[in-house]
Amino acid sequence: MDDSRYGKLDARGAYWVPNKPVSYGPVFDWPPDPRALLKFFFGFPGYFLPWNLLYAVAAILIWEFLTPSLETMRDFSIGWVAIILVRNLGLAVAVYGAWHLWLYSWRKQGTLFKYNRQWPKEKSAAFAFGNQTWDNMFHTLASGVPIWTAYEVLLLWAYANDIAPLITFGDYPVWFVAVFFIVPFIHEVGFYLAHRLMHWPPLYRIAHSLHHRNVNPGPWSGLSMHPIEHVAYFSTILLFFLIPSHPIHMINLASRLGVAPAQGHTGFDRVVMGDETSMDTSYYAHYLHHKYFEVNYADGMVPLDRWFGTFHDGTPEAQEAMKARRMKRSFPTAAES
């Protein structure tokens, strides 16, 4: 496998840059392109395959086999709350651990498709325990998963007591299916709003700077956040107090928020599947955010960064535009003259 077919190294050989610029896809393009939309929604990789379908199926399985009945959850009790917590800890360890083992512990593809050709330092005083991975695991498992679980427990209790509006497939089949389409949009917009909030200077200093210590992130960096940020990040789940839905839909969003950051922080553009086969797992937009801090606050199909002037697609032109914005902020008079 040769990653030069898909990108190139910089002059120092330190960073690998994909040939394909970051794109939001055609959903918000005008005028709409029917052929591009069909390819986007039904192609591989595309909107449905593989990730959104995987998260939807996972939510169904989690609800059916790893979640107590609504009758059980009408009253708070340590028993069923502990089941949800242990289940979520297991999901986190399995997903983050699998990405980390394959790409970083076993280094199955070396630095092929790795944006930063350097590996994270094994010892660093910037992190708790002097180690980036152990630090990231601690914040993920000791804060991230419990706060994720707390939101999920609250909504499950609310569904069980008719406080959150509950629907079934039998009663509202069209809307039941439609909510699966809406969840990725909720995820993206909610993430953007929480992320921008965390870049407000006071909150950045208190909370978000912890996450941004990971300038060369790995999978466990994804949910390594301050508890304040975890509270903001998972708060999107509360929308299901307003949206008629089934617990499966809420679990779809909650589990996505819980484990998707692993893929978003691998630091790799593609996963090698064979001698001449690789799978696109790119989150280059978010890698650029960790590199430059002030670009690409959102991920996915909703062009929020383009609308608000913080988009960086990885091209030299976008790099120059970012430099111009910085110059304008630092020297407003000179930039205008």
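Everything that follows concerns the structure shown earlier in this document.
What you see is a predicted model, and the numbers here were worked out from it, not measured in a lab.

A. A look at the pattern of salt bridges. Summed over the entire model, instances satisfying the criterion amount to seven salt bridges. A salt bridge links Arg213 to Asp135; the nearest nitrogen and oxygen atoms lie 3.0 Å apart. Separated by 78 residues along the polypeptide, Arg213 in the loop between helix H6 (201-212) and helix H7 (227-233) and Asp135 in helix H4 (residues 132-160) bring together distant segments of the chain. With a relative accessible area of 27%, Arg213 lands in the partly exposed category. The residue Lys323 makes a salt bridge to Glu320 at a minimum N-O spacing of 3.7 Å. Taken as a pair, Lys323 and Glu320 lie in helix H11 (residues 316-330) at a separation of three residues, close to a single helical turn. By relative accessible area, Glu320 is classed as partly exposed at 48%. Members of the salt-bridge network, linked through shared partners, are Glu294, Arg326 and Arg329.

B. Structural context of unusual backbone geometry. Note the cis peptide between Trp30 and Pro31, where omega equals 0 degrees. Mapped onto the elements of the fold, Pro31 is located in the loop between strand E2 (16-18) and helix H1 (34-42). Cis geometry is found at the peptide bond from Leu49 to Pro50, where omega equals 0 degrees. When you line up the elements, Pro50 lands in helix H2 (residues 48-65). Phi is positive for Arg107, which is not a glycine, with a value near 50 degrees. One can find Arg107 in the loop between helix H3 (78-105) and H4. Judged by relative accessible area, which is 38%, Arg107 ranks as partly exposed. Non-glycine residue Phe293 carries a positive phi angle of around 75 degrees. Following the sequence through the fold, Phe293 ends up in the loop between helix H9 (284-292) and helix H10 (304-308). Phe293 gets classed as partly exposed once you look at its relative accessible area, which sits at 30%.

C. Spatial organisation of the nonpolar core. Among the nonpolar cores identified, the biggest contains 51 residues, and Phe234, Ile237, Phe240 and Met250 are the most heavily contacted of them. Elements with a minimum of two residues in this core: H2, H3, H4, helix H5 (173-198) and helix H8 (247-264). The element that contributes the greatest number of residues to this core is H4, accounting for 10 residues. Not counting chain neighbours up to four residues away, the residues in contact with Phe240 comprise Leu155, Tyr159, Ala164, Pro165, Val179, Val183, Ser245, His249, Met250 and Leu253. If you look at the next biggest cluster of nonpolar residues, it comprises 14 residues, including Ala285, Tyr287, Tyr292 and Val295.

Conventions and cut-offs
Residues numbered from 1 in each chain as written. Predicted model: local features only at pLDDT ≥ 70, side-chain atom pairs only at ≥ 80, totals over all residues. Heavy atoms only, no water. Salt bridge = Lys/Arg side-chain N within 4 Å of Asp/Glu carboxyl O. Helix = DSSP H or I, 4+ residues; strand = E, 2+ residues; numbered from the N terminus. Buried < 20%, exposed > 50% of the residue type's maximum accessible area, 1.4 Å probe, protein only. Core = buried A, V, L, I, M, F, W, Y, C linked by side-chain atoms within 4.5 Å. Contact = heavy atoms within 4.5 Å.

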